[in-house]
Amino acid sequence: MITITLVKIFLYALLGFSSTAQAATGEIEWSALSGGQIQEYLQLQQATKRGSDLGHLMAAKDFLINGNTKMAKFHLEQINLKSSQVKLIRNRYMSLVEFIEGNYRESLNLVSSYKYEDKNYYKEICILRVLNLMALHTLDQDNLTRQKVDKTFLNEFRSCAVQTQEFTKNDHYWMESMSRFKTRNKNYLAGGEIDNYRYAIGDIDLTRIWLKLGLYLNKETKLSNVISNIPPDAYQSNIVRELLGLMYYRIGDYKKAAEFVEGITSPNAENIKGNIRLRSKEYELAFGHFNVALLKKENSVNALERAIPLAWILGQWKEGIKLLGRFIKPDQDERKKMALDTAFKIKIEDYQRADQQLFILERLFKRQVPQEVEIMRSYVKLRRKEVKSLSESSAIACKRHDGVNCWIQMQMSIWENLGFTIEREESIFSDDELDIESLKKPMASNPLKETIIVDQKDIEELDSEKLKIDPTKF
């Protein structure tokens, strides 16, 4: 809006606040305008529209830089593709959004127009094309398809490397390495590139890429054997120290890993610190490190995957709900995510919302509800004092061999509404009646004394007597 207003003021200053400006505000009839005034009005409308599009582009760029792809996409969608003069820029920004969100096919399509082949535009989007082609490559393709994909990728990479040569400080070392990885260069995949010390003893930027390549190829052991080739001044770089910390963490030298990342507050460094604390079961300290990492990078998957379970262990229920809401992963099962969120809701005693989510989960699982979800449903129905629903859910859980729900079934035959009963405040047993300690103590065995009705001796005498029967009496 600020951009639009400034454009209008600028044009009014040039044109004068005449009948043309009045037409723009709808204060006079079109019939009162001359041909020249109508032309001025149309130019003003066009400038206003362009100013609006530029404002949306600026906002989208700002949100992209801050990692908020949702808001960036919102602003980009406000630009009319049919009439906008910034369509190519808009599509480039939208391609970046799709790439960040993992939609590589959509991202590639947005920058595949022939209009981008102009050398002034191509250098702005070619790296994005290369990255998308790299991401779309799958190793389970047949050989013929793979060869076609590789050829397309290599042609794009070579063209892009030439056009962007002036912008690189290391001859596209990283992109060149990724192209070898993608085309399955055997020597490269085996870690042969790690033995090329030229990159280790070059400037710090090359040292960083060399280390990153070794970690990317999971060759940290081989990397540690040749790490002495790094120049001493490279250790002053926080990025290099962070990579070395990750290297030592992977090979199991947690002490050295902690020493290298000490004093560094980047997301990766905090995640390494958190993982080290996690291994020693220092859960509170680990949770703190992961939260610091999330302050630096709010969508850090590594931090979220560890912070959410720790929130449960530490009883940070509300924090767990917030963290879970930020956890977005392309291959995640939304049903499991909702089930975990429901468990957090139960912990904060938000039984109404938990009940609503359990209702949704029952349909999402298509009545093949996991036992854990059924147990949660039973507990929620108990706390909400819904007797009929409790009877149904506890019966299902009991049949799945959950002892607590079998006990609930038994208690429901005694108590009219078990939900109200468990909330009664009076004590169930007095102190001298029954406790755990009394059950543990040995007790004297006092046999029961039987009351004798007929003496055994009399029975034995009767059995030994001979019985005389007179047949004439029958």
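Residues numbered from 1 in each chain as written. Predicted model: local features only at pLDDT ≥ 70, side-chain atom pairs only at ≥ 80, totals over all residues. Heavy atoms only, no water.

Participant: Any chance you could explain the overall build of the protein here in plain terms?
Facilitator: Of regular secondary structure, the protein possesses 26 helices and zero strands. Scored against the burial criterion, the 474 residues of the protein give a buried share of 35%. Nonlocal contacts in the protein, meaning residues at least 24 apart in sequence, comprise 51% of its contacts between residues at least 6 apart. Carbon and sulfur atoms make up 54% of the accessible area of the protein, which totals about 30600 Å². (Helix = DSSP H or I, 4+ residues; strand = E, 2+ residues; numbered from the N terminus. Buried < 20%, exposed > 50% of the residue type's maximum accessible area, 1.4 Å probe, protein only. Contact = heavy atoms within 4.5 Å. Areas by Shrake-Rupley, 256 points an atom, 1.4 Å probe, with all protein chains shown as cover.)

Participant: Whenever I open this one, a negative patch on the surface confuses me. Can you help?
Facilitator: Together, Asp455, Asp458, Glu460, Glu461, Asp463 and Glu465 make up a negatively charged patch on the protein surface. In this fold, Glu461 is placed in helix 26 (residues 456-464). (Patch = residues over 30% accessible without salt bridge, like charges linked within 9 Å, V, L, I, M, F, W, Y side chains within 5 Å. Salt bridge = Lys/Arg side-chain N within 4 Å of Asp/Glu carboxyl O. Lys, Arg positive; Asp, Glu negative; His and termini not counted. Charge placed at Lys NZ, Arg CZ, Asp CG, Glu CD.)

Participant: Before we go on, may I ask you to explain the environment of His75 in this structure?
Facilitator: Along the chain, His75 turns up in helix 4 (residues 69-77). Residue His75 is classed as buried on the basis of its relative accessible area, which comes to 15%.

Participant: Is there a simple way to explain the state of the cysteines in this structure?
Facilitator: Put plainly, two cysteines are in a disulfide when a covalent bond ties their sulfur atoms together. Enumeration according to the criterion identifies two disulfides in this entry. Residue Cys398 pairs covalently with Cys406 via a disulfide, S to S 2.1 Å. Because the sign of the S-S torsion sets the handedness, a value of about 100° for the bond joining Cys398 and Cys406 places this disulfide among the right-handed ones. A relative accessible area of 22% places Cys398 in the partly exposed class. Judged by relative accessible area, which is 28%, Cys406 ranks as partly exposed. Shown here for the protein is a disulfide pattern of 1-2, 3-4, where each number marks a bonded cysteine counted in sequence order. (Disulfide = S-S within 2.5 Å.)

Participant: It is not clear to me how the side chain of Asn275 should be interpreted in this structure. Could you clarify?
Facilitator: One can find Asn275 in helix 15 (residues 267-279). Looking at Asn275, its side chain comes within polar contact range of the side chain of Arg306, at 2.7 Å. Sequence-distant contacts of Asn275, that is, excluding residues within four places in its chain, are made with Tyr249, Phe290 and Arg306. (Polar contact = N/O pair within 3.5 Å; in protein donor to acceptor, adjacent residues only side chain to side chain.)

Participant: I'm lost on the packing of helix 17 (residues 301-313) against helix 18 (residues 317-326) in this one. Help?
Facilitator: The description of two packed helices rests on the angle between their axes and on the distance between the axes. Between helix 17 and helix 18, the least distance of the axes is 8 Å, while the angle of their chain directions is 155°. Viewed along their axes, helix 17 and helix 18 adopt a mutual orientation that is roughly antiparallel. Judged by the twist between their axes, the crossing of helix 17 over helix 18 is left-handed. Of the residues in helix 18, those touching helix 17 at Leu304, Ala307, Ile308, Ala311 and Trp312 are Trp317, Gly320, Leu323, Leu324 and Arg326. Its residues assigned to classes, the contact of helix 17 with helix 18 shows eight nonpolar, one polar and one charged. (Axes fitted to C-alpha atoms, helices over the stretch in contact; angles between N-to-C directions. Parallel < 35°, antiparallel > 145°, perpendicular 65-115°, else oblique. Left-handed = near helix turned anticlockwise from the far one by under 90°. Nonpolar A, V, L, I, M, F, W, Y, C, P; charged D, E, K, R; others polar.)

Participant: Can you help me understand a nonpolar patch on the surface in this one?
Facilitator: A cluster of nonpolar side chains, Trp312, Ile313 and Leu340, forms an exposed patch at the surface whose accessible area comes to about 260 Å². For Ile313, the location among the structural elements is in helix 17.

Participant: What should I look at first to understand the confidence of the model for the protein in this one?
Facilitator: Fine structural detail should not be taken from predicted coordinates in areas where pLDDT scores are low. On average, the protein scores 79 in pLDDT, and the residues at 70 or more come to 77%. Scored below 50 in pLDDT, residues 1-26 makes 33 contacts in the model with residues more than four places away or belonging to other chains. (pLDDT = per-residue confidence, 0-100.)

Participant: I tried to follow the nonpolar core on my own but got confused; where do I start?
Facilitator: Nonpolar side chains tend toward joint burial in soluble globular proteins. Formed by 40 residues in total, the largest nonpolar core has its most connected members in Trp210, Leu211, Ile227 and Leu244. Looking at this core, the elements with two or more residues in it are helix 7 (119-136), helix 8 (143-163), helix 9 (173-182), helix 11 (204-216), helix 13 (238-250), helix 14 (254-261) and helix 15. Sorting elements by how many residues they give to this core places helix 7 first, with seven residues. In this structure, Phe287, Ala303, Ile308 and Phe344 belong to the second largest nonpolar core, which totals 16 residues. (Core = buried A, V, L, I, M, F, W, Y, C linked by side-chain atoms within 4.5 Å.)

Participant: What is the right way to read helix 16 (residues 283-296) from this model?
Facilitator: One turn of the α-helix equals 3.6 residues, which is why residues spaced by three or four share an orientation. Look at helix 16: 20 Å from first C-alpha to last across 14 residues, which is about the 20 Å you get at 1.5 Å a residue. Buried within helix 16 we find Ala286, Phe287, His289, Phe290, Ala293 and Leu294. Each buried residue of helix 16 lies within a common arc of 160° when the element is viewed along its axis, so the set occupies one face. In this structure, helix 16 carries Glu284, Leu295 and Lys296 as exposed residues pointing more than 90 degrees from its buried face. The inward-facing, buried residues of helix 16 abut helix 15, helix 17 and helix 18. (Expected span 1.5 Å × (residues − 1). Arc of directions from axis to C-beta.)

Participant: Help me understand the pattern of salt bridges, please; the structure alone is not making it clear to me.
Facilitator: Any two side chains of opposite charge can pair if their charged atoms end up close together. This model, assessed by the stated rule, comprises 18 salt bridges. The partner of Lys345 in a salt bridge is Asp341, and the shortest N-O contact between them spans 2.7 Å. With Lys345 and Asp341 both in helix 19 (residues 334-347), this residue pair falls four residues apart, about one helical turn. In this pair, the class of Lys345 matches that of Asp341, namely buried. The partner of Glu423 in a salt bridge is Lys385, with the nearest N and O atoms 3.0 Å apart.

Participant: Where do I start with the environment of Asp233 in this structure?
Facilitator: Counting through the fold element by element, Asp233 comes out in the loop between helix 12 (220-225) and helix 13. A relative accessible area of 43% means that Asp233 is categorised as partly exposed. Here the alpha-carbon distance between Asp233 and Asp203, two residues 30 residues apart in the chain, equals 9.5 Å.

Participant: It is not clear to me how unusual backbone geometry should be interpreted in this structure. Could you clarify?
Facilitator: It is generally the case that most residues other than glycine have a negative phi and that most peptide bonds are trans. A positive phi is found at Lys281, a non-glycine position, where the angle reads about 60°. Structurally, the position occupied by Lys281 is in the loop between helix 15 and helix 16. The backbone phi angle of His401 is positive, close to 70°, even though this residue is not glycine. Among the secondary structure elements, His401 is positioned in the loop between helix 22 (387-399) and helix 23 (403-412).

Participant: What's the story with the environment of Leu54 in this structure? I'm lost.
Facilitator: Along the chain, Leu54 falls in helix 3 (residues 35-65). Along the chain, Leu54 and Ile79 lie 25 residues apart, while their C-alpha atoms are 9.1 Å from each other.

Participant: Before we go on, may I ask you to explain the packing of helix 22 against helix 23 in this structure?
Facilitator: Where helix 22 meets helix 23, the axes come as close as 8 Å, and the angle between the chain directions of the two elements is 140°. Classed by the angle they form, the pair helix 22 and helix 23 counts as oblique. The hand of the helix 22/helix 23 crossing is left-handed. Listed contacts from helix 23 to Val387, Leu390, Ser391, Ser394, Ala395, Ala397 and Cys398 of helix 22 are Asn405, Cys406, Ile408, Gln409 and Met412. The class makeup of the residues in the contact of helix 22 with helix 23 is eight nonpolar, four polar and no charged.

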